[in-house]
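Now for the letters of each chain:
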Amino acid sequence: IFITSATTLAFIALAITLSLVSNRAADVMWWLVIFSFALVPLAFLAGLLQIRLARASVAVLVVELLSAGNLRELRDAIARTLNDPDLDLAVWLPETYEWIGSDGQPYDLAAESAREGKITTFVEHEGEVVATLVHDAALSEERDLVEAVSAAASLALARERTVQALRQSEGRYRALLDAAPDLMFRFDREGTYLDFNGHPEDLRASLEE
């Protein structure tokens, strides 16, 4: 709408200017004014259609979220629905007090949300913030769509946050076990050894025994 309206105003100014020089050139320009002015309501209808189609795509998003296997696929599905290919997604891990991006690495939310033309939308699940979307500021004019997408994605993001937290916990415990100098054994109720942590050369018997 802004583009078509600005073009119309520019053509009007140009037509007035040309009328001082050549009536024939001004007549041609006035036809362009009529044409560009007719595009204004068409642009408005196109914008409405785009919004309606985007809202309808939320239903498709729910299906995609169910089949998404990781944060990257969740991000891609949300980005397609909001028509924002540069959208960033990060989940909040309260145990380590940090944000994790769709690439599985720590995410600097303060720096990314401060980028020009970007705003942040927090995603909540059961009253708790589980993730954030850093998206184009133009989407602030479509808050209903952004909120619908956030609500649809909240359950999947809460699930993925749990997965990320488990991975981090596993990594920490594995690092602690690997750093422990003592042998640690796992065995069943019958006393059969199932696994151990340590150096094989520290065992009195061979690993097979």
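Residues numbered from 1 in each chain as written. Predicted model: local features only at pLDDT ≥ 70, side-chain atom pairs only at ≥ 80, totals over all residues. Heavy atoms only, no water.

**Student:** Before we go on, may I ask you to explain the overall build of the protein in this structure?
**Tutor:** Within the protein one finds 5 helices and 6 strands. Listing every helix and strand of the protein by position from the N terminus yields α-α-α-β-β-α-β-β-α-β-β. Against the globule reference of 17 Å for 209 residues, the protein gives a C-alpha radius of gyration of 29 Å, more extended than a compact globule. Seen through its C-alpha atoms, the protein measures out along the principal axes to roughly 105 × 30 × 30 Å. Residue burial in the protein is summarised as follows: out of 209 residues, 30% are buried. Partitioning the intrachain contacts of the protein with sequence separation of at least 6 by distance along the chain shows that 49% fall at a separation of at least 24. Working note: accessible area of the protein is about 13,900 Å², and carbon and sulfur atoms make up 60% of it. (Helix = DSSP H or I, 4+ residues; strand = E, 2+ residues; numbered from the N terminus. Rg over C-alpha atoms; globule rule 2.2 N^0.38 Å. Buried < 20%, exposed > 50% of the residue type's maximum accessible area, 1.4 Å probe, protein only. Contact = heavy atoms within 4.5 Å. Areas by Shrake-Rupley, 256 points an atom, 1.4 Å probe, with all protein chains shown as cover.)

**Student:** Please explain the nonpolar core as it appears in this structure.
**Tutor:** General note: in soluble globular proteins, nonpolar side chains tend to be found buried as a group. In terms of nonpolar packing, the biggest core is built from 27 residues, with Leu74, Ile78, Leu82, Leu89, Ala131 and Leu157 touching the most fellow members. For this core, the secondary-structure elements that each account for two or more residues are helix 2 (23-67), helix 3 (71-82), strand 1 (88-93), strand 4 (128-136) and helix 5 (143-179). For this core, the element with the most residues is helix 5, which contributes 8 residues. Setting aside anything within four residues of it in sequence, one finds Ala131 in contact with Leu89, Ala90, Val91, Trp92, Trp99, Thr121, Phe122, Val123 and Leu157. Ala90, Trp92, Tyr107 and Val134 belong to the second largest nonpolar core, which has 6 residues in total. (Core = buried A, V, L, I, M, F, W, Y, C linked by side-chain atoms within 4.5 Å.)

**Student:** Sorry, what's going on with the packing of aromatic side chains here?
**Tutor:** Working definition: an aromatic ring pair is given by the centre-to-centre distance plus the angle between the planes. Enumeration over the complete set of coordinates arrives at 6 aromatic pairs. Pairing Trp92 with Tyr97 gives two aromatic rings, centres 4.9 Å apart and planes at 75°, and the pair type is edge-to-face. Residues Trp92 and Trp99 carry aromatic rings whose centres are separated by 5.0 Å and whose planes lie at 50° to one another, so their mutual orientation is tilted. A relative accessible area of 16% places Trp92 in the buried class. Residue classification places Trp99 among the buried positions, given a relative accessible area of 13%. Among the aromatic residues, those joined into a cluster by ring pairs are Trp92, Tyr97, Trp99 and Phe122. (Phe/Tyr/Trp six-rings, centres within 6.5 Å; stacked < 30°, edge-to-face > 60°.)

**Student:** Any chance you could explain the side chain of Arg161 here in plain terms?
**Tutor:** Here Arg161 lies in helix 5. Beyond its immediate chain neighbours, meaning those up to four positions away, Arg161 contacts Val91, Trp92, Leu93, Pro94, Glu128, Val129 and Val130.

**Student:** Just checking my understanding: could you explain the side chain of Asp84 for this structure?
**Tutor:** Along the chain, the position of Asp84 falls in the loop between helix 3 and strand 1. Of the side chains bearing the opposite charge, Lys118 lies closest to the buried Asp84, which forms no salt bridge; the N-O distance is 4.4 Å. Not counting residues up to four positions away in its chain, the partners in contact with Asp84 are Ala79, Lys118, His135, Asp136 and Leu139. (Lys, Arg positive; Asp, Glu negative; His and termini not counted. Salt bridge = Lys/Arg side-chain N within 4 Å of Asp/Glu carboxyl O.)

**Student:** Please clarify how the sheet that holds strand 1 should be interpreted in this entry.
**Tutor:** Two orientations exist for strands paired in a sheet by backbone hydrogen bonds: parallel and antiparallel. Ordered in space as 2-1-4-3, the 4 strands form an open sheet in which the pairing is antiparallel. Edge strands, defined here as strands with exactly one partner in the open sheet, are strand 2 (98-101) and strand 3 (118-125). Taking the axes of each pair of neighbouring strands and ignoring which way they run, one obtains an average angle of 30° across the sheet. Alignment of strand 1 against strand 2, held across 4 bridges, turns out to be antiparallel. By the bridge assignment for strand 2, Val91 is matched with Ile100. Against the sheet, helix 3 engages strand 1, strand 2 and strand 4, with an angle of about 130° to strand 1. Running over the sheet, helix 5 touches strand 1, strand 2, strand 3 and strand 4 and is turned about 70° from strand 3. (Pairing = 2+ DSSP bridges. Axes fitted to C-alpha atoms, helices over the stretch in contact; angles between N-to-C directions.)

**Student:** Any chance you could explain the environment of Val146 here in plain terms?
**Tutor:** Here Val146 shows up in helix 5. Residues Val146 and Ile78, spaced 68 residues apart in sequence, show a C-alpha to C-alpha distance of 9.6 Å. Setting aside chain neighbours within four positions, we find Val146 in contact with Leu82, Thr121, His135 and Leu139.

**Student:** Is there a simple way to think about the packing of helix 3 against helix 5 in this case?
**Tutor:** Packed helix pairs are specified by the crossing angle of their axes together with the interaxial distance, meaning the distance between the axes. Running from N to C, helix 3 and helix 5 cross one another at 175°; their axes reach a closest spacing of 11 Å. Considering their axes alone, helix 3 and helix 5 lie roughly antiparallel with respect to each other. Note on element contacts: helix 5 touches helix 3 through Leu145, Val146, Val149, Ala153, Ala156, Leu157, Arg159, Glu160 and Gln164, opposite Leu71, Leu74, Ile78, Thr81 and Leu82. Here the contact of helix 3 with helix 5 is composed, by residue class, of 10 nonpolar, 2 polar and 2 charged. (Parallel < 35°, antiparallel > 145°, perpendicular 65-115°, else oblique. Nonpolar A, V, L, I, M, F, W, Y, C, P; charged D, E, K, R; others polar.)

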